[in-house]
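Okay, here's what each chain looks like letter by letter:
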Amino acid sequence: ILGVEGVDACLIGTNDLTLSLGCDQTSDTFQRAIARVADACRTHNVALGIAGGSAGDVDRWRSANMAFFLISHDLAVLNAGMIDLAKSLRKTVQP
């Protein structure tokens, strides 16, 4: 797939990958899979990114030459914003 003309980026979904492999992110199997995809991306000059985790995970993945990071998704951001809004409103309306 990475060798197909026009493919210029690859995004690894960590949750999808761990489910597919039947392991967790600390396993050697997971680490080898990441390395295999990274090697293929280098071979085909495709930017590699990773989804999942937190801002703290960026340092770990940066050392694996990831070009971009997906730290959150729209639902999580909206949920966090709504929680903050609800807290603010509760403070405003409480006697």
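Further up the page is the structure itself.
Here we summarise the structure given alongside this text.

1. Quick notes on the state of the cysteines
Then comes step 1: Within this structure, the stated rule accounts for 0 disulfides.
Then comes step 2: Here Cys10 stays unpaired: no disulfide links it, and the sulfur of Cys41, its closest cysteine neighbor, is 4.2 Å away.
Then comes step 3: Take Cys10: its relative accessible area is 16%, and that puts it in the buried class.
Then comes step 4: Owing to a relative accessible area of 1%, Cys41 belongs among the buried residues under this scheme.

2. As for the environment of Val58
Then comes step 1: Within the element layout of this structure, Val58 appears in helix α3 (residues 57-62).
Then comes step 2: Considered as a pair, Val58 and Ala47 are 11 residues apart in the sequence and their alpha carbons are 16 Å apart.
Then comes step 3: Discounting chain neighbours no more than four positions away, the residues touching Val58 are Phe69 and Ile71.

3. Focus on the environment of Lys87
Then comes step 1: The residue Lys87 is located in helix α4 (residues 74-93) in this model.
Then comes step 2: Take Lys87: its relative accessible area is 48%, and that puts it in the partly exposed class.
Then comes step 3: In this structure the C-alpha to C-alpha distance between Lys87 and Ser27, which are 60 residues apart in sequence, comes to 39 Å.

4. Observations concerning the packing of aromatic side chains
Then comes step 1: Applying the stated criterion to the full structure yields 1 aromatic pair.
Then comes step 2: Centroid distance Phe30 to Trp61: 6.1 Å. Interplanar angle 65 degrees. Geometry classified as edge-to-face. Placement of Phe30 in helix α2 (residues 28-43) and of Trp61 in helix α3 is noted, with a sequence separation of 31 residues between them.
Then comes step 3: Looking at Phe30, the relative accessible area reads 0%, which means it is buried.
Then comes step 4: What makes Trp61 buried here is its relative accessible area of 3%.

5. Side note on the sheet that holds strand β2 (residues 47-51)
Then comes step 1: Pairing is parallel across the open sheet formed by 3 strands, whose spatial order is β1-β2-β3. Of all the strands in the sheet, the pair left with one neighbour each is β1 (9-13) and β3 (68-70). When strand polarity is set aside, the average angle formed by the axes of neighbouring strands in this sheet is 25 degrees.
Then comes step 2: Pairing geometry for β1 and β2, over 5 bridges, is parallel. Bridge pairing in β2 links Gly13 to Ala51.
Then comes step 3: The strands touched by helix α1 (residues 14-21) are β1 and β2; relative to β1, the strand with the most contacts, the crossing angle is about 65 degrees.

Analysis parameters
Residues numbered from 1 in each chain as written. Predicted model: local features only at pLDDT ≥ 70, side-chain atom pairs only at ≥ 80, totals over all residues. Heavy atoms only, no water. Disulfide = S-S within 2.5 Å. Buried < 20%, exposed > 50% of the residue type's maximum accessible area, 1.4 Å probe, protein only. Helix = DSSP H or I, 4+ residues; strand = E, 2+ residues; numbered from the N terminus. Contact = heavy atoms within 4.5 Å. Phe/Tyr/Trp six-rings, centres within 6.5 Å; stacked < 30°, edge-to-face > 60°. Pairing = 2+ DSSP bridges. Axes fitted to C-alpha atoms, helices over the stretch in contact; angles between N-to-C directions.

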